[in-house]
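Breakdown of the fold
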Amino acid sequence: LEDKAGAKARCQGASRERRGAQHSTPMSAACRNGAARSCARIGGLGSATSHPAASCRRWQARRASPREAGVARGRCAAVLKGNPVGSPSLSLDLDKVRDALIRMEDSIIFAIIERSQFLRNDKVYEPGAIPVPGYNLKTGDQQSMVEYILRQTEQMHGMIRRYTSPDEHAFFPEDLPSLVLPPIEYPSLLHPHAEGININDQVRALYFEELLPRICEEGDDGNYGSSALCDITLLQALSKRIHYGKYVAESKYKASPDTYDPLIRAKDEAGIMNLLTVESVERRVVRRVRNKACVFGQDIQDVMGTISLAQEDIEQAESKVEPEKVAKLYNDWIMPLNKQVQLEYLLHRLD
């Protein structure tokens, strides 16, 4: 904590420098708010408006390196000028949508392999089994270790704008903190109803009840922290892949609106789901996921022959994860939840 007297002297010195400067530093609303909060923390050493440029610089310096502060100022300016920030995964172009989905497959498979190296470690998921300083505010019960780490991770990521991106979804959105960085303006590609679609409760239930028992062996190896971190990485990857269904749905709708419009107006869920389901494409996805799990699960040597995808060769190679299990998880749970998001989005596409 800063010494109040020293902080006051620095504030006064910065104020004198500002008065002698030829021009003042322009600030965004977010910077002004940050400066005000900074002064309030020091203990009422004057208003933010009495030395705005100095306060803004101090606020930025306390939170970021000079390079990061410059990037933040640039992004803040982009917001003020109305230039939206783009992202390779935030696109409705069919090729880019397909590329984004393929990259998400890689993330999920690698995360499954990482988690499978540890045993189940059930204590990580039992409330009160590991003494973490987190409690349910309604019941007073102690949180499980994985819930505590997930909540704390979202707190940190939430402050630095992760969940302002339309393709990111928090598991505890009601507890997200205020931003410490200026907000970013993203391109408006989806119907406004998309903001209200968040099925992470189902993603969590799916993971702990269905996926985890299938990718980890029973037992306790004491690697509680490592297991929980792998869980969180995998949960976030699954959430992103499943909720990306909003972009898939919008892309499909844009390709043939005349086909979807009558079904949407009639709220024909079965008819819409029929249009969304292309079995040949789903088979290709499952086959590709299986092949990736096959390759990613093998140890790469400095001298290797051809990697075989045959089942008997996979068994001999002692793959880190069973490719068939990964393919089944994708086919039975991940893709159906993705289509559920697509359906929910399209049912309100004409609202």
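Residues numbered from 1 in each chain as written. Predicted model: local features only at pLDDT ≥ 70, side-chain atom pairs only at ≥ 80, totals over all residues. Heavy atoms only, no water.

1. Focus: the nonpolar core
Among the nonpolar cores identified, the biggest contains 68 residues, and Ile108, Leu234, Leu238, Tyr244, Ile272 and Leu346 are the most heavily contacted of them. The biggest single contributor to this core is helix H14 (residues 323-347), with 13 residues. Residues contacting Leu238, with those up to four places away along its chain left out, are Ile108, Val203, Tyr207, Leu211 and Ile334. (Core = buried A, V, L, I, M, F, W, Y, C linked by side-chain atoms within 4.5 Å. Buried < 20%, exposed > 50% of the residue type's maximum accessible area, 1.4 Å probe, protein only. Helix = DSSP H or I, 4+ residues; strand = E, 2+ residues; numbered from the N terminus. Contact = heavy atoms within 4.5 Å.)

2. Comments concerning the packing of aromatic side chains
What the rule picks out here adds up to five aromatic pairs. On the basis of an interplanar angle of 55 degrees and a centroid distance of 5.4 Å, the ring pair of Tyr125 and Phe208 is categorised as tilted. Taken together, the positions of Tyr125 in the loop between helix H5 (94-116) and helix H6 (145-159) and Phe208 in helix H7 (residues 200-215) put the pair 83 residues apart, joining distant regions of the chain. Classification of Phe208 by relative accessible area gives partly exposed; the value is 24%. Here a set of aromatic residues connected by ring pairs shows up, and it is made of Tyr125, Tyr207 and Phe208. Geometry around Phe172 places Arg151 over its ring, the cationic atom sitting 3.7 Å from the centre. (Phe/Tyr/Trp six-rings, centres within 6.5 Å; stacked < 30°, edge-to-face > 60°. Lys NZ or Arg CZ within 6 Å of the ring centre and 35° of its normal.)

3. Quick notes on the environment of Leu346
The topology assignment puts Leu346 in helix H14. Assessed through its relative accessible area of 0%, Leu346 is described here as buried. Not counting residues within four places of it along the chain, the set of residues in contact with Leu346 comprises Ala249, Tyr253, Tyr260, Ile264, Ile272 and Leu276.

4. What to know about the pattern of salt bridges
Between side chains of opposite charge, pairing is possible as soon as their charged atoms come close. In total, this model carries 21 salt bridges according to the counting rule given. Between Asp106 and Lys292 there is a salt bridge whose closest N-O contact spans 2.7 Å. With Asp106 in helix H5 and Lys292 in helix H12 (residues 279-296), this residue pair connects regions lying 186 residues apart in the sequence. Judged by its relative accessible area of 13%, Lys292 is buried. Linking Lys320 and Asp299 is a salt bridge whose minimum nitrogen-to-oxygen distance equals 2.6 Å. Taken together, the residues span a long stretch of sequence, with Lys320 in the loop between helix H13 (311-317) and H14 and Asp299 in the loop between H12 and H13 at a distance of 21 residues. Residue classification places Lys320 among the partly exposed positions, given a relative accessible area of 41%. (Salt bridge = Lys/Arg side-chain N within 4 Å of Asp/Glu carboxyl O.)

5. Points about the confidence of the model for the chain
For the chain, per-residue confidence averages 80 on the pLDDT scale, and residues scoring 70 or more make up 70% of the total. Mean pLDDT values for the elements of the chain range from 39 in helix H3 (residues 52-63) up to 98 in helix H8 (residues 224-243). Note that pLDDT drops below 50 for residues 21-82; the model gives that stretch 67 contacts with residues more than four away or on any other chain. (pLDDT = per-residue confidence, 0-100.)

6. Thoughts on the state of the cysteines
Under the defined criterion, the tally for this structure stands at zero disulfides. Free of any disulfide, Cys216 has its nearest neighbouring cysteine sulfur in Cys230, separated by 8.7 Å. (Disulfide = S-S within 2.5 Å.)

7. So, H5
Three or four residues apart is the spacing at which side chains of an α-helix point the same way, because the helix has 3.6 residues per turn. Under the 1.5 Å per step criterion, the end-to-end length of H5 is 33 Å for 23 residues, consistent within 8% with the ideal 33 Å. Within the sequence span of H5, burial applies to Val97, Ala100, Leu101, Met104, Glu105, Ile108, Ile109, Ala111, Ile112, Ile113, Arg115 and Ser116. Check the buried side of H5 and you find it contacts H7, H8, helix H9 (245-255), H12 and H14. Regarding H5, its N-cap is Asp93, as a side-chain oxygen of that residue lies 3.2 Å from the backbone nitrogen of Asp95 further along. (Expected span 1.5 Å × (residues − 1). Polar contact = N/O pair within 3.5 Å; in protein donor to acceptor, adjacent residues only side chain to side chain.)

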